[in-house]
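Secondary and tertiary structure notes
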Amino acid sequence: MLIYYTATTLDGFIADPDDSLDWLLRQEGEPDEAFGFEAFMARVGAAVMGSTTYEWILAHGAGTDEPWPYTVPTWVMSSRDLPQVEGADLRFASGDVRPVHAAMREAAGDRDLWLVGGGGLAGRFADAGLLDEVVVSVAPVTLGSGRPLLPRRLDLELVETARGGAFVSSRFRVAGPLQEDRRQG
Ligand SMILES: NC(=O)c1ccc[n+]([C@@H]2O[C@H](COP(=O)([O-])OP(=O)(O)OC[C@H]3O[C@@H](n4cnc5c(N)ncnc54)[C@H](OP(=O)(O)O)[C@@H]3O)[C@@H](O)[C@H]2O)c1
């Protein structure tokens, strides 16, 4: 199962226009245990992210001050040549997300696949019918602009929700393109 697991503002941004996450990192407490990062990661066998997210992690010390934070094989999607992090299991890819999904599936066995972000990449997987779930922890913040959570027209089904710390967390199953669009199509 491919799961887009992330934190978001109330108005649907995962980072501000300058890619700052200060609004998130200063929040009180943690999401409810059922939505906690450690429990989530225990079920994950592979991850995928776009280059802005990758470069954010590098800019915040991975590969220099600190080791790469994830042990699972991680695909980085980019049209550019990006620096490697020594000792990290990174695989670079570009273009069609379907072969990336197949390779992740192969690497992960029966474990879940984590879509780290951003929203455009999540949208590409959703377009291909490969995005199964969206799990969001909403921080009590609005930004007005920034990096969008999921810039697509989709129907989702609410499966589970919980409150933890400053966050309200929810798990949604992706049902598919918005019903209104399917009727027109
Ligand atoms: N709130 C949270 O918990 C959370 C979670 C994750 C990320 N974030 C933050 O949110 C921001 C996300 O940035 P973003 O919206 O720009 O998204 P992103 O997916 O991290 O980066 C987008 C870039 O990745 C490359 N890319 C994506 N898909 C590709 C494909 N199929 N083929 C080739 N290249 C592809 C493209 O750049 P190039 O081709 O130029 O490389 C594209 O401009 C970052 O600041 C990140 O740190 C926040």
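Here, every reference points to the structure presented above.
The paragraphs below set out a description of the structure included in this document. (Residues numbered from 1 in each chain as written. Predicted model: local features only at pLDDT ≥ 70, side-chain atom pairs only at ≥ 80, totals over all residues. Heavy atoms only, no water.)

On to the site of the ligand, then. D19, S51, T53, S78 and S79 are the nearest of the 24 residues found near the ligand. Between the ligand and S78 there is a distance of 2.5 Å, counted from an oxygen atom to a side-chain nitrogen or oxygen. Considered on its own, the ligand offers 920 Å² of accessible surface; in the complex 81% of this is hidden by protein. Elements supplying a minimum of two residues to the shell around the ligand: β1 (2–9), β2 (13–15), α3 (51–59), β6 (112–117) and α5 (119–127). (Near = heavy atom within 4 Å. Polar contact = N/O pair within 3.5 Å; in protein donor to acceptor, adjacent residues only side chain to side chain. Areas by Shrake-Rupley, 256 points an atom, 1.4 Å probe, with all protein chains shown as cover. Helix = DSSP H or I, 4+ residues; strand = E, 2+ residues; numbered from the N terminus.)

It is worth spelling out the pattern of salt bridges at this point. What the rule picks out here adds up to 11 salt bridges. Note that E55 and R80 form a salt bridge whose closest N and O atoms lie 3.2 Å from each other. Of this pair, E55 sits in helix α3 while R80 sits in the loop between β4 (74–77) and β5 (90–93); the two residues are 25 residues apart in sequence, bridging distant segments of the chain. Using a relative accessible area of 44% as the deciding quantity, one classes R80 as partly exposed. One network of salt bridges, in which partners are shared, links E133, E160 and R171. (Salt bridge = Lys/Arg side-chain N within 4 Å of Asp/Glu carboxyl O. Buried < 20%, exposed > 50% of the residue type's maximum accessible area, 1.4 Å probe, protein only.)

Turning to the packing of aromatic side chains, a few remarks are in order. Tallied over the entire structure, the rule returns 10 aromatic pairs. Aromatic side chains F37 and W114 sit 5.4 Å apart centroid to centroid with 65 degrees between the ring planes, which places their arrangement in the edge-to-face category. Of this pair, F37 sits in helix α2 (residues 37–41) while W114 is found in strand β6, placing the two residues 77 residues apart along the sequence. Given the relative accessible area of 37%, F37 is considered partly exposed. (Phe/Tyr/Trp six-rings, centres within 6.5 Å; stacked < 30°, edge-to-face > 60°.)

Once that is clear, we can look at α5. Along an α-helix, a turn takes 3.6 residues, which lines up residues three or four apart on a common side. Those residues of α5 that fall on the buried side of the exposure criterion are G119, L121, A122, G123, F125 and A126. Remark: G129 follows α5 within two positions and exhibits a positive phi of approximately 75 degrees.

This paragraph deals with the pairing of strand β10 (residues 167–177). Two elements, strand β7 (residues 133–139) and β10, share 6 bridges in a ladder whose sense is antiparallel. By the bridge assignment, S137 is partnered in β10 with S169. Relative to β10, strand β9 (residues 154–164) runs antiparallel, the two sharing 10 bridges. Bridge assignment links D155 to a residue of β10, and that residue is G176. Remark: 2 residues form the turn of the hairpin made by β9 and β10, two consecutive strands paired antiparallel; G165 in that turn has positive phi of roughly 55 degrees. (Pairing = 2+ DSSP bridges.)

Once that is clear, we can look at helix α4 (residues 98–108). All of the buried residues in α4 are V100, H101, M104 and A108. Projection of α4 onto a plane perpendicular to its axis shows the buried side chains occupying an angular sector of 100 degrees, all on one side. Of the exposed residues in α4, those oriented more than 90 degrees away from the buried face are R98 and E106. Check the buried side of α4 and you find it contacts β1, β3 (44–50), β4, β5, β6 and α5. Following α4 by one or two positions, G109 adopts a phi angle in the positive range, close to 60 degrees. (Arc of directions from axis to C-beta. Contact = heavy atoms within 4.5 Å.)

Another aspect to go through is the sheet that holds β5. Taken in spatial order, the 8 strands of this open sheet run β5-β4-β3-β6-β1-β7-β10-β9, and their pairing is mixed. The open sheet has two free edges, formed respectively by β5 and β9, since each of these has just one partner strand. Between one strand axis and the next, the sheet turns through 25 degrees on average, direction left out of account. Both β1 and β6 contribute to a ladder of 3 bridges, which runs parallel. When the sheet's bridge partners are listed, I3 is paired in β6 with W114. Against the sheet, α3 makes contact with β3, β4, β5 and β6, and its axis sits at roughly 100 degrees relative to β3, the strand it touches most. (Axes fitted to C-alpha atoms, helices over the stretch in contact; angles between N-to-C directions.)

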